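Breakdown of the fold
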Amino acid sequence: IVIKGDENPEAVARRIIGAYVMNYDKIIVKSSAFISPAIRNTIRNTVLNKLPGTEIISEDKHEIHVQVVLNSRNITIGDALNRLFKVVYSVLDDACTVLEKRDISVAQEVIKEDESVDRIYLYIIRLLNSAVGFGQEVEEGIASTDLLTYRSLAKLLERIGDHAVNIVKNSLNLMKSSVYTGNICDLCRESLEIYKNAAEAVASRNPFVVEDVVLRVNALSRSEEQLFSSYLNTLQPDQLVALRLILESIRRIAEYSRDMSELALDLGLEKVLE
């Protein structure tokens, strides 16, 4: 990856991430000029926080060598997806707890968990690209026809993780208010249960869960609108914006979970065919 001295550090980081997920094992960042401290620090943070199994093995003022040292055969696609399911559940559960307890210190810790979701997601995409594009055998229990479904699933999980973190970030603006937030917490817990049911359906390839999930998502969406209307006269404008964003994230989590249950239908379709 050849860079110029005045390039945006985030643009350089995106190229490194792109090389990682496309299954390159050695990534060399090279510049004819001096690599700026901003770019150098961004590369270090990217390797440390976003790319599992990578290390900077050497660097000087003109080059940085990044090496993937993790053997992908040690952690399978199934193992990585299972890990992502659990981490996303933990982040969402913590987000609901922040709404309930209004604890700023807990909120700050939850925000940091977003990096854990991103790390596992990028590793899964690397494994899937490896199986599709580089001719490696797909692991036992996963058909080659399922790989696109698993990529869609990983993206849904990553988005659910993002919205869980967004709930926490926006909840900081509500912590200053004395308004009762128990019903918001209830809605958050309902989205968590919908997510749990959808995740279990995917794990067991259960095609029969999707109808129940659809009904629960529709009910949650109606509750969201009613709940927001009930706060119109009790919150300040900035708090109303925060509440709108929290409720939108709760609804989006439920909707992405519905999409997950539809993927479970795809994976277990033979169970409903005659």
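Further up the page is the structure itself.
An account of the accompanying structure is given in this report. Since we're looking at a predicted model, the values are computed, not measured.

**A few points about the packing of helix H7 (residues 182-204) against helix H9 (residues 237-267)**
Two elements in contact, H7 and H9, have axes whose closest approach is 8 Å; the angle formed by their N-to-C orientations is 15°. It follows that H7 is roughly parallel to H9 by the angle criterion. Our pair here, H7 against H9, has a crossing hand that is left-handed. Of H9, the residues touching H7 (which contributes Ile184, Leu187, Cys188, Ser191, Ile194, Tyr195, Ala198, Ala199, Ala201 and Val202) are Leu243, Ile246, Leu247, Ile250, Ile253, Ala254, Ser257, Met260, Ser261, Ala264 and Leu267. Of the residues contributing to the contact of H7 with H9, the split by class is 18 nonpolar, 3 polar and no charged.

**Observations concerning the side chain of arginine 251**
Checked against the element boundaries, arginine 251 lands in helix H9. Of note is the side chain of arginine 251, whose polar atom sits 2.8 Å from the side chain of glutamate 224. Contacts of arginine 251, omitting those with residues within four sequence positions, involve Leu220, Ser221 and Glu224.

**Comments concerning the nonpolar core**
Residues Leu153, Leu157, Ile184, Tyr195, Ile250 and Met260 are the most contacted members of the largest nonpolar core, which totals 87 residues. In terms of residue count, the dominant contributor to this core is helix H3 (residues 77-101) (13 residues). Sequence-distant contacts of isoleucine 184, that is, excluding residues within four places in its chain, are made with Leu99, Leu174, Leu227, Tyr231, Leu243, Ile246, Leu247 and Ile250.

**What about the state of the cysteines?**
Joining two cysteines, a disulfide is a covalent bond between their sulfur atoms. Taken as a whole and judged by the stated rule, the model has 1 disulfide. With a sulfur-sulfur separation of 2.1 Å, cysteine 96 is cross-linked through a disulfide to cysteine 188. Classification of the bridge connecting cysteine 96 and cysteine 188 rests on its S-S torsion, roughly -85°, and on that basis the disulfide is left-handed. Linking cysteine 96 in helix H3 with cysteine 188 in helix H7, this pair joins segments that are 92 residues apart in sequence. Cysteine 185 forms no disulfide, and the closest cysteine sulfur to it belongs to cysteine 188, at a distance of 7.2 Å.

**What about the packing of H7 against helix H8 (residues 210-230)?**
Axis separation between H7 and H8 bottoms out at 11 Å; the angle between their running directions is 160°. Classified by the angle their axes make, H7 and H8 are roughly antiparallel. The two elements H7 and H8 meet at a crossing, and its hand is left-handed. Residues Asn183, Ile184, Leu187, Glu190, Ser191, Glu193, Ile194 and Asn197 of H7 lie in contact with H8, whose contacting residues are Val213, Arg216, Val217, Leu220, Ser223, Glu224 and Leu227.

How each quantity is defined
Residues numbered from 1 in each chain as written. Predicted model: local features only at pLDDT ≥ 70, side-chain atom pairs only at ≥ 80, totals over all residues. Heavy atoms only, no water. Axes fitted to C-alpha atoms, helices over the stretch in contact; angles between N-to-C directions. Helix = DSSP H or I, 4+ residues; strand = E, 2+ residues; numbered from the N terminus. Parallel < 35°, antiparallel > 145°, perpendicular 65-115°, else oblique. Left-handed = near helix turned anticlockwise from the far one by under 90°. Contact = heavy atoms within 4.5 Å. Nonpolar A, V, L, I, M, F, W, Y, C, P; charged D, E, K, R; others polar. Polar contact = N/O pair within 3.5 Å; in protein donor to acceptor, adjacent residues only side chain to side chain. Core = buried A, V, L, I, M, F, W, Y, C linked by side-chain atoms within 4.5 Å. Buried < 20%, exposed > 50% of the residue type's maximum accessible area, 1.4 Å probe, protein only. Disulfide = S-S within 2.5 Å.

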